Amino acid sequence: MVSGTNNAYLRADVALPLAYAKMEPNLFWLDFVTPKAEDSNAFMYMYDSTGKSSDTKKKTPPPYTQGAQFPEVDKSRRLTTSALLESNGFSMRIGREVIRSNKMESELVECYDTLGYWLAEHINTSISTALIGGATASTAATGDAWSATTATPVEDLRLIKYEMRREGYPFRLTDVIVNTDNFAELEGYLTSIDVSSTKQQQVYGVPGGTGDSIFIPIAGCTVTGVDSGITESNFLAADKNNPAAELHYYIDTAFSQPRITYRTNGPDGKEITKTVPNLGLHFSQYEEPDTHDTIIQMWVENKTVVTKPYGLLYGAAQI
């Protein structure tokens, strides 16, 4: 094993913040789930089977008469099911010659950056896959494909807004996630329409800058383009204020810690310190007896489940 100050870089309390500093800016899909800590790898969760308005046990309140009692009512119960957390991660070999050199610090920081980025990609993929698999099928976008010259993407988004509204449910459209190709088509449409500046700003939306999102006022939603997670011509609509999914995670204290404090850039570009709940990131390392190489391991233990299908709309081959 290494000794002195270099040894600190092979500890979980150093490795996890370095990896998470790379993960955090890339965890786009975390905004659409509610984190839930678990105390074992098996967990139970409840999901909606019916809405308040469509509940078959719903009654209307009768008028009160003197000496009478209000009728007792019941409601349909949320369904309960179980799931298992999933462990996914990587091992990376650090050669003995690196361990013995004074370049170990920079080499390990680069390794943690790489593992952090790859694990962020895994978390994004697992969340987006679960959201799509548990979403309600959308039929709102009935216009031409956004690549067509006759496309009306803003009207499609306005119709999705009303499809998200459902009696007895709180969901309202806040976000639509599309593939980057479709996002570029929406941006092109907003750039080419011939309307007044006021109407552009208050109804259609104003593209521009280097961001990946555009707010569409008439639809009341932000459209974001992603490079992966959504196939071209498909979309996922969500209510960020009422997450329809849960991210269940487990912390094994032998290899992790409940919270992670790391350094990152703030909105003004200056470096700040942030402390966040650890959503299942773990670290371990050991020396291989034969080669004396050091093997570092980094993994996550979590699983995403959709609990409110009407809070998500998925449109396949519709835009």
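Scroll up to find the structure this text is about.
These numbers were taken from a predicted model, which means no experiment stands behind them.

Rules behind the numbers
- Residues numbered from 1 in each chain as written.
- Predicted model: local features only at pLDDT ≥ 70, side-chain atom pairs only at ≥ 80, totals over all residues.
- Heavy atoms only, no water.
- Pairing = 2+ DSSP bridges.
- Helix = DSSP H or I, 4+ residues; strand = E, 2+ residues; numbered from the N terminus.
- Expected span 1.5 Å × (residues − 1).
- Buried < 20%, exposed > 50% of the residue type's maximum accessible area, 1.4 Å probe, protein only.
- Arc of directions from axis to C-beta.
- Polar contact = N/O pair within 3.5 Å; in protein donor to acceptor, adjacent residues only side chain to side chain.
- Contact = heavy atoms within 4.5 Å.
- Axes fitted to C-alpha atoms, helices over the stretch in contact; angles between N-to-C directions.
- Core = buried A, V, L, I, M, F, W, Y, C linked by side-chain atoms within 4.5 Å.
- Salt bridge = Lys/Arg side-chain N within 4 Å of Asp/Glu carboxyl O.

(A) Focus on the pairing of strand β12 (residues 271–277). Pairing of strand β11 (residues 259–265) with β12, which is carried by seven bridges, proceeds in the antiparallel orientation. From the neighbouring strand, N265 faces β12, where its bridge partner is E271. Taking the residues between adjacent antiparallel strands as the criterion, β11 and β12 are bridged by five residues, where G269 takes a positive phi near 90°.

(B) The arrangement of helix α5 (residues 180–192) in detail. The terminal C-alpha atoms of α5, which comprises 13 residues, lie 18 Å apart, in line with the 18 Å expected from a rise of 1.5 Å per residue. For α5, the set of buried residues is N182, F183, L186 and L190. Down the axis of α5, the smallest arc covering the buried residues is 105°, so these residues share one side. Counted as exposed and oriented over 90 degrees from the buried face of α5: T191 and S192. Here α5 starts with a cap whose side-chain oxygen sits 2.9 Å from the backbone nitrogen of D181, and that cap is N179.

(C) Representation of the sheet that holds strand β7 (residues 213–216) within the structure. Ordered in space as β5-β15-β9-β6-β8-β7, the six strands form an open sheet in which the pairing is mixed. Of all the strands in the sheet, just β5 (136–137) and β7 have a single pairing partner and so form its edges. Docked against the sheet, helix α4 (residues 153–164) engages β5, β6 (175–179), β7, β8 (221–226), β9 (235–238) and β15 (312–315), running at close to 45° with respect to β9.

(D) Focus on the nonpolar core. Judged by nonpolar contacts, the single largest core of 49 residues is most densely connected at Y20, Y112, L131, L281, I296 and M298. Counting residues per element, this core draws most heavily on helix α3 (residues 104–134), at ten residues. Apart from the residues within four sequence positions on either side, L131 is in contact with W29, F32, L236, A245, V306 and L312.

(E) Molecular detail of the pattern of salt bridges. Taken as a whole, this structure holds nine salt bridges when the rule is applied. A network of salt bridges, in which partner residues are shared, links D31, D175 and K240.

(F) Structural view of the environment of T139. Within the secondary structure, T139 sits in the loop between β5 and α4. T139 gets classed as exposed once you look at its relative accessible area, which sits at 59%. Considering only alpha carbons, one finds T139 and L159, 20 residues apart in sequence, at a separation of 9.3 Å. In this structure T139 touches E163 and Q318, once residues within four positions along its chain are discounted.

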